[in-house]
Amino acid sequence: MSSPDLSRSEQHAYDAARFATIVGSAAPEAWARPSPVAAWTALDVVTHLVEWPRDFLRGSAGVDLAPLDIAADPVAAWKTHTADIQGLFDDPAGRMVSNPHMGDKPLDMALSEIYTPDIWMHSWDLSRALGRDFDLGAERAAAMLAAAATMEDAMRASGQFGPRVDVPADATPQEQLLGFIGRDPYWRA
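None of the values given here were measured: they were computed from a predicted structure. (Residues numbered from 1 in each chain as written. Predicted model: local features only at pLDDT ≥ 70, side-chain atom pairs only at ≥ 80, totals over all residues. Heavy atoms only, no water.)

1. What to know about the packing of aromatic side chains
(1) Moving on: Scanning the model with the defined rule gives three aromatic pairs in all.
(2) Moving on: Geometrically, the ring pair formed by Trp 52 and Phe 56 is edge-to-face, given 6.0 Å between the ring centres and 70° between the ring planes. Of this pair, Trp 52 and Phe 56 both sit in helix H2 (residues 42–61), four residues apart, roughly one helical turn.
(3) Moving on: Overall, Trp 52 belongs to the partly exposed group, its relative accessible area being 21%. (Phe/Tyr/Trp six-rings, centres within 6.5 Å; stacked < 30°, edge-to-face > 60°. Helix = DSSP H or I, 4+ residues; strand = E, 2+ residues; numbered from the N terminus. Buried < 20%, exposed > 50% of the residue type's maximum accessible area, 1.4 Å probe, protein only.)

2. A look at helix H1 (residues 8–25)
(1) Moving on: Across its 18 residues, H1 extends 26 Å between first and last C-alpha, which sits within 8% of the 26 Å expected from 1.5 Å per residue.
(2) Moving on: By the burial criterion, the buried members of H1 are Ser 9, Gln 11, His 12, Asp 15, Ala 16, Phe 19, Ile 22 and Val 23. End-on, the buried residues of H1 take up no more than an arc of 155°, which puts them together on one face.
(3) Moving on: Elements in contact with the buried residues of H1: H2, helix H3 (74–90), helix H5 (116–129) and helix H6 (138–149). (Expected span 1.5 Å × (residues − 1). Arc of directions from axis to C-beta. Contact = heavy atoms within 4.5 Å.)

3. Points about the nonpolar core
(1) Moving on: Membership of the largest hydrophobic core comes to 48 residues, with the highest contact counts inside it found for Phe 19, Leu 57, Trp 78, Leu 126 and Leu 177.
(2) Moving on: Top contributing element to this core by residue count: H2, with nine residues. (Core = buried A, V, L, I, M, F, W, Y, C linked by side-chain atoms within 4.5 Å.)

4. Observations concerning the packing of H5 against H6
(1) Moving on: Packing of H5 against H6 brings their axes to within 13 Å, and their N-to-C directions diverge by 120°. In terms of orientation, H5 and H6 fall into the oblique class. As for how H5 packs across H6, the hand of that crossing is left-handed. Taking contact as the criterion, the partners of Thr 116, Pro 117 and Trp 120 in H5 are, on H6, Arg 140, Ala 141 and Met 144.
(2) Moving on: Residues of the contact of H5 with H6, tallied by class, amount to four nonpolar, one polar and one charged. (Axes fitted to C-alpha atoms, helices over the stretch in contact; angles between N-to-C directions. Parallel < 35°, antiparallel > 145°, perpendicular 65-115°, else oblique. Left-handed = near helix turned anticlockwise from the far one by under 90°. Nonpolar A, V, L, I, M, F, W, Y, C, P; charged D, E, K, R; others polar.)

5. Section: the pattern of salt bridges
(1) Moving on: Overall, the coordinates contain ten salt bridges when judged by the stated rule.
(2) Moving on: Between Asp 15 and Arg 140 there is a salt bridge; the shortest N-O distance is 2.6 Å. With Asp 15 in helix H1 and Arg 140 in helix H6, this pair connects stretches of sequence that are 125 residues apart.
(3) Moving on: A single salt-bridge network, built from bridges that share partners, covers Asp 55, Arg 58 and Asp 64. (Salt bridge = Lys/Arg side-chain N within 4 Å of Asp/Glu carboxyl O.)

6. Focus: unusual backbone geometry
(1) Moving on: Notably, Ala 39 is not glycine yet its phi reads approximately 70°, a positive angle.
(2) Moving on: Tracing the backbone shows Ala 39 in the loop between H1 and H2.
(3) Moving on: You will see that Ala 93, though not glycine, has its phi angle at about 50°, which is positive.
(4) Moving on: Looking at the secondary structure, you find Ala 93 in the loop between H3 and strand S1 (96–99).
(5) Moving on: Looking at Ala 93, the relative accessible area reads 54%, which means it is exposed.

7. Observations concerning the environment of Gly 162
(1) Moving on: Position of Gly 162 among the secondary structure elements: in the loop between helix H7 (152–158) and helix H8 (173–180).
(2) Moving on: Accessibility expressed as a relative area gives 25% for Gly 162, which makes it partly exposed.
(3) Moving on: Between the C-alpha atom of Gly 162 and that of Val 37, which follows or precedes it by 125 residues, the distance is 9.1 Å.
(4) Moving on: Apart from residues no more than four positions distant in its own chain, Gly 162 is found in contact with Arg 156, Phe 180, Ile 181 and Gly 182.

8. Here's the deal with the pairing of strand S2 (residues 103–106)
(1) Moving on: Direction of pairing for S1 relative to S2: antiparallel, over a ladder of four bridges. The residue bridging Asn 99 from the neighbouring strand is Gly 103, located in S2.
(2) Moving on: The loop that links S1 with its antiparallel partner S2 comprises three residues. (Pairing = 2+ DSSP bridges.)

As structure tokens, this is what we get:
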């Protein structure tokens with residue numbers, strides 16, 4: 001889910017910039033810290049957000065973006081990656097994504113449905129790995145939770161989400177969403 005007043009391109013730019021701030025704030029020794037994603041470090045969160053969309057675009061849209069050495073310089077890799085993806089949002093040039101799970105869609109629509117929300121959600125993971133909090137936004141979290149609940153079986157079957165983590169009845173929308181996707185909203189490094 002995204003903010004209704006932002007275009008797909010603007011939402012990606014906004015979420016990617018927020019993530020860039022987190023990436024840029026990490027001390028070199030922080031990249032090895034554990035994250036709320038089981039068996040992932042802080043560096044693994046960034047690596048995931050750079051590698052999978054590049055692989056997805058190559059296989060589903062024929063867009064071949066150069067590989068990046070994330071471990072050597074996560075900040076530079078994120079900056080380059082964001083510019084590459086933002087360029088596709090800003091000028092999709094009629095490109096289509098063809099994927100067995102999504103069907104055929106305009107490239108910018110596909111990215112805004114699966115990639116931009118991934119940046120947004122993993123911003124919380126990276127922040128927590130670095131010992132900080134991150135506000136996903138109550139309205140956006142509630143909207144995402146409502147949408148995700150309608151496709152819970154498919155989400156769980158994908159293997160991309162852990163088992164639901166129980167949260168108190170009075171949990172915030174962010175805590176509810178994090179619990180739904182298999183994160184402990186109270187996790188600390």
